[in-house]
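Descriptive structure summary
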There are 2 protein chains.
Amino acid sequence: MSITLCYDFAMSDELDDPGLAAWKAFIFAHTAVVGRIERDLAAEGLVSLTWYDVLTALSGAPDHRLRLHELAQQVALSRSGLTRLLDRIEAAGYVRREPSPGDRRGAYAVMTAEGEAALLRAWPTYARGIAHYFSDHLSDEEKGVLIGALRRVRARTLTTREPDR
Amino acid sequence: MSITLCYDFAMSDELDDPGLAAWKAFIFAHTAVVGRIERDLAAEGLVSLTWYDVLTALSGAPDHRLRLHELAQQVALSRSGLTRLLDRIEAAGYVRREPSPGDRRGAYAVMTAEGEAALLRAWPTYARGIAHYFSDHLSDEEKGVLIGALRRVRARTLTTREPDR
């Protein structure tokens, strides 16, 4: 069982590694809070957060349309992952695909009026969940540190090269 | 277009609402960092983080086995979402399902030796990504605040009732 020992050691070493402890606090909080918000949205028949992210990205784009590769980048999905997701959102009538004339690789995703309405319907429940499960439990000082630290993490991650392999 | 205005107002109001700004920093950092780590794992043919979470949950359980409803709770998936995910992980040979004698509702998921090996293969790349994209960009003080604040958020979320509807 030395292989298990080795693994357990790596994952339970957070007393000696505040970076790993911070990561685990970060992803475990994300899983818990997002899970609860998803449950609340589903209980009211509203769009899931994954769909919400796609619709929000389109909502912020000119004419509510984005090229598929831009959309994939914004929601951090692979092209194949986005294709499967868009199939379902399109079947619900919230998005339609539009070919780009003269450019087979440049298809667009466009949010429909039904998609915009679904986004608006979901927001009050989503906003209530953000407060109830997340921000109500943070002090003003903690909110400030989270904003500064996590915006920096995102900015560095988006601009950093892949690590050497 | 008053409907769009109303939505944009709600989402861009973060100057007046540090709680919403903290939430956006939190989920955008999560999307960016997890997206990069997923890319690194995929580039090396390793398991995705979703699979990793399932295998980690099983790895921490006695005999590497959990009842399906316990596993769903730990990885914050619906039972139907977990069923689809387990179908794929089982097809890869990393998990097998075992019926619970005399209890049709109480099936187990069990991690196989191949699943444990896949978890171990992925860890070095995952650990490098945590440092490179996340913890290297945080001060010791920020790590401390994140650990305290986000552990509290998770604990409160797991014990809080649903908000009144």
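Residues numbered from 1 in each chain as written. Chains lettered and ligands numbered in written order. Predicted model: local features only at pLDDT ≥ 70, side-chain atom pairs only at ≥ 80, totals over all residues. Heavy atoms only, no water.

Considerations on the overall build of chain A
A tally of regular secondary structure across chain A gives seven helices and three strands. Going from N to C terminus, chain A has its helices and strands arranged as α-α-α-β-α-α-β-β-α-α. A buried classification covers 49% of the 165 residues belonging to chain A. Sequence-distant contacts in chain A: of pairs separated by 6 or more residues, those separated by 24 or more amount to 49%. Counting only carbon and sulfur atoms, one obtains 53% of the accessible surface of chain A, whose full area is about 8500 Å². (Helix = DSSP H or I, 4+ residues; strand = E, 2+ residues; numbered from the N terminus. Buried < 20%, exposed > 50% of the residue type's maximum accessible area, 1.4 Å probe, protein only. Contact = heavy atoms within 4.5 Å. Areas by Shrake-Rupley, 256 points an atom, 1.4 Å probe, with all protein chains shown as cover.)

Here we look at the packing of helix α7 (residues 140-159) of chain A against helix α2 (residues 18-43) of chain B
Running from amino to carboxyl end, α7(A) crosses α2(B) at an angle of 30°, the nearest separation of the two axes being 8 Å. Relative to α2(B), the element α7(A) is oriented roughly parallel. Viewed along their axes, α7(A) and α2(B) form a crossing whose handedness is left-handed. Residues A:Lys143, A:Leu146, A:Ile147, A:Leu150, A:Arg151, A:Val153, A:Arg154, A:Thr157 and A:Leu158 of α7(A) form the contact with α2(B), whose participating residues are B:Pro18, B:Gly19, B:Ala21, B:Ala22, B:Ala25, B:Phe26, B:Phe28, B:Ala29, B:Ala32, B:Val33 and B:Arg36. Looking at the contact of α7(A) with α2(B) residue by residue, the class counts come to 14 nonpolar, two polar and four charged. (Axes fitted to C-alpha atoms, helices over the stretch in contact; angles between N-to-C directions. Parallel < 35°, antiparallel > 145°, perpendicular 65-115°, else oblique. Left-handed = near helix turned anticlockwise from the far one by under 90°. Nonpolar A, V, L, I, M, F, W, Y, C, P; charged D, E, K, R; others polar.)

Details of the interface of chain A and chain B
In this complex, chain A contributes 68 residues to the contact, which on the side of chain B involves 68 residues. Carbon and sulfur atoms make up 69% of the area that chain A and chain B hide from each other, which totals about 6700 Å². In this structure, the connection of chain A to chain B is made through two salt bridges. Residue B:Arg152 pairs with A:Glu142 through a salt bridge whose shortest N-O separation is 2.6 Å. At the surface where chain A touches chain B, the tally comes to eleven residue pairs in polar contact (both at pLDDT 80 or more). The set of elements that each furnish at least two residues to the side of chain A that touches chain B consists of α1 (2-11), α2 (18-43), α3 (49-59), α6 (113-133) and α7 of chain A. Looking at the side of chain A that touches chain B element by element, the count peaks at 22 residues for α2(A). Classifying every residue of the side of chain A that touches chain B gives 38 nonpolar, twelve polar and 18 charged. (Buried area = accessible area lost by both parts, 1.4 Å probe. Salt bridge = Lys/Arg side-chain N within 4 Å of Asp/Glu carboxyl O. Polar contact = N/O pair within 3.5 Å; in protein donor to acceptor, adjacent residues only side chain to side chain.)

Focus on helix α3 (residues 49-59) of chain B
Quick reminder: α-helices carry 3.6 residues per turn. Residues three or four places apart thus point the same way. Burial of α3(B) is extensive: eight of the eleven residues sit out of reach of the surface. Every buried residue belonging to α3(B) is among B:Leu49, B:Trp51, B:Tyr52, B:Val54, B:Leu55, B:Ala57, B:Leu58 and B:Ser59, and all of these are buried.

What about the nonpolar core?
Judged by nonpolar contacts, the single largest core of 99 residues is most densely connected at A:Trp23, A:Leu71, A:Phe134, B:Trp23, B:Leu71 and B:Phe134. Those residues in contact with B:Leu71 that sit more than four places away from it in its chain are B:Val54, B:Ala57, B:Leu58, B:Leu66, B:Leu82, B:Leu86 and B:Ala109. (Core = buried A, V, L, I, M, F, W, Y, C linked by side-chain atoms within 4.5 Å.)

Regarding the environment of B:Glu114
Residue and element names in this part refer to chain B. In this fold, glutamate 114 is placed in helix α6 (residues 113-134). According to the relative accessible area criterion, glutamate 114 is partly exposed, its value standing at 47%. Distance from glutamate 114 to arginine 152, taken between C-alpha atoms, is 35 Å for residues 38 residues apart in sequence. Leave out the neighbours within four places in its chain, and glutamate 114 touches Gly93 and Tyr94.

Some words on the confidence of the model for chain A
Residues and elements named next belong to chain A. Per-residue confidence for chain A gives a mean pLDDT of 88, with 87% of residues at or over 70. The secondary-structure element of chain A with the lowest mean pLDDT is α1, recorded at 43, while α6 shows the highest, at 97. In this model, residues 1-10 is a region of pLDDT below 50 whose contacts with residues beyond four sequence positions or in other chains number eleven contacts. Interface predicted TM-score (ipTM) for the complex: 0.84; the corresponding pTM is 0.83. (pLDDT = per-residue confidence, 0-100.)

Regarding the side chain of A:Ser135
You can see A:Ser135 is positioned in the loop between α6 and α7. You can call A:Ser135 buried: its relative accessible area is 9%. In this structure, A:Ser135 is in contact with A:Ile130, A:Lys143 and B:Gly19, ignoring residues within four places of it in sequence.

Focus: the pattern of salt bridges
Residues and elements named next belong to chain B. Scanning the model with the defined rule gives 14 salt bridges over all chains in all. Between arginine 65 and glutamate 98 there is a salt bridge; the shortest N-O distance is 2.7 Å. Pair noted here: arginine 65 is in strand β1 (residues 65-67) and glutamate 98 is in strand β2 (residues 95-100), with a separation of 33 residues, a long-range link. We classify arginine 65 as partly exposed; its relative accessible area is 27%. Between arginine 96 and glutamate 98 there is a salt bridge, with its nearest N and O atoms 3.1 Å apart.

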